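# Chain and residue survey
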Amino acid sequence: MAPRRPSEEELGRKWDRCLVDTTFKTVGGAVFGGILSLLFFKSKAAWPVTLGIGVGLEAGYSNCKHQLYWQGPPGFPFGRPH
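Within an unreviewed UniProt entry, the label attached to the protein chain reads MICOS complex subunit MIC10, and the organism entered is Pocillopora meandrina. The protein chain has a UniProt comment under Function (unreviewed entry) that states "Component of the MICOS complex, a large protein complex of the mitochondrial inner membrane that plays crucial roles in the maintenance of crista junctions, inner membrane architecture, and formation of contact sites to the outer membrane." Checking UniProt for the protein chain, the heading Subunit (unreviewed entry) contains the comment "Component of the mitochondrial contact site and cristae organizing system (MICOS) complex."

We now examine the side chain of S37. Inspection of the secondary structure assignment puts S37 in helix α1 (residues 8-40). Every residue in contact with S37, bar those within four places of it in the chain, is listed here: K42, S43, K44, A45 and P48.

Take the side chain of T26 next. Turning to its location among the elements, T26 is positioned in helix α1. At a separation of 2.7 Å, a polar atom in the side chain of T26 contacts the main-chain carbonyl oxygen of T22. Sequence-distant contacts of T26, defined by excluding residues within four places in its chain, comprise I53, G56 and L57.

So, how was this worked out
- Residues numbered from 1 in each chain as written.
- Predicted model: local features only at pLDDT ≥ 70, side-chain atom pairs only at ≥ 80, totals over all residues.
- Heavy atoms only, no water.
- UniProt positions renumbered as here; feature names shortened; annotations may be inferred.
- Helix = DSSP H or I, 4+ residues; strand = E, 2+ residues; numbered from the N terminus.
- Contact = heavy atoms within 4.5 Å.
- Polar contact = N/O pair within 3.5 Å; in protein donor to acceptor, adjacent residues only side chain to side chain.

This is how it looks when you write it as structure tokens:
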């Protein structure tokens, strides 16, 4: 049986969800990094904000990858056991 190809509308909805999810995670990471910087470092250090943005982007990318390439329920990844 050939794998089912998603329709253009379904693919568009997945891309929209990915974009919104990645945006929320990136902004949340930047805000969290900014608050962390002000509370613990008492300065305007840039690295906590940059780290938060990076973590947010990676989390969004990972979720998108799983949403776009998921093929079905989990099974036996290396064939059926004997």
